[in-house]
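# Coordinate analysis (summary)
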Amino acid sequence: MKRTYGYIGSSASIAGGSSRGMRGVAVVEFALILPILLLLTLGVVDFSRAIQFNNILVNLTREGANLSARTTEQPQYILRALIDTAAPLQMNADGMMYITKLVGRSDGRAKVEEQYRPDNGGKRALQSRIWSCSNWSGGKCNVPATRPVVSLPTVLRDGETVYAVEAIYDYTVLARYVISDDPRLYSFTVL
């Protein structure tokens, strides 16, 4: 038995519609789905930027702690060098860095000996999470004579001196119309 196959209609009509009508439907469908695709793409780009910016902050704090603990350079010089190499972050406008010298106590906690921030530039509203100084003279904190005591994620030996470097950044989300609050990125290194 021989079978023959054929089709109903022509290539210009599918299910009773014309080619021109199908193109119109495709354009309408594309117009409906385009905002969703753009939103997804923007979200992926935003998330990627946030990861990149956070990695830069982590590297800044690591390098800052390393330089603070191992060199004789002044903290202001170290802070300026770190901020100048933080591109694409705008640390002078949207970020802040702190270097805090800490000395261990017998109970494993630490007392604040010195704290520094950039003497010019930086977003002053971004406070240190280790200890917030209320009396600044340029870029150096006037630490009270009764040294503040802080707890760190690590236990210090009595008399052990470490440097804690913090980097804080107000990340501006590209998709502001979806996410109303901009996240604050933070990195902290003790060495």
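Provided above is the structure to which this section pertains.
Residues numbered from 1 in each chain as written. Predicted model: local features only at pLDDT ≥ 70, side-chain atom pairs only at ≥ 80, totals over all residues. Heavy atoms only, no water.

Buried residues of helix H2 (residues 75-84): Pro75, Ile78, Leu79, Leu82 and Ile83, and no others. Across the axial projection of H2, the buried residues extend over an arc of 125°, all falling on one side. Within H2, the exposed residues directed more than 90 degrees away from the buried face are Tyr77 and Asp84. (Buried < 20%, exposed > 50% of the residue type's maximum accessible area, 1.4 Å probe, protein only. Helix = DSSP H or I, 4+ residues; strand = E, 2+ residues; numbered from the N terminus. Arc of directions from axis to C-beta.)

Aromatic ring pairs: the centre-centre distance and the angle between the two ring planes describe each pair. A complete count under the given rule lists 3 aromatic pairs for this structure. Taken together, a centroid distance of 5.5 Å and an interplanar angle of 85° make the contact between Phe53 and Tyr171 edge-to-face. Linking Phe53 in helix H1 (residues 19-70) with Tyr171 in the loop between strand S8 (161-170) and strand S9 (184-190), this pair joins segments that are 118 residues apart in sequence. On the basis of relative accessible area, Tyr171 is assigned to the buried category, the value being 2%. Judged by centre distance (6.1 Å) and plane angle (40°), the rings of Tyr98 and Trp136 are tilted. Within this pair, whereas Tyr98 is found in strand S3 (residues 95-104), its partner Trp136 is found in strand S5 (residues 136-137), the two being separated by 38 residues in sequence. Each member of the pair Tyr98 and Trp136 is classed as buried. (Phe/Tyr/Trp six-rings, centres within 6.5 Å; stacked < 30°, edge-to-face > 60°.)

On a regular strand, one side chain projects to one face of the sheet and the next to the other, so that they alternate. One ladder, built from 6 bridges, connects S3 with strand S4 (residues 110-116); its direction is antiparallel. In the sheet register, Gly104 faces S4, and the bridge partner there is Ala110. Taken together, S3 and the strand that follows it, S4, pair antiparallel across an intervening segment of 5 residues, in which Gly108 is found at a positive phi of about 90°. Bridge analysis of S4 against strand S7 (residues 149-150) gives 2 bridges, and the strand direction is antiparallel. Note on S7: the bridge partner recorded for Ala110 is Val150. (Pairing = 2+ DSSP bridges.)

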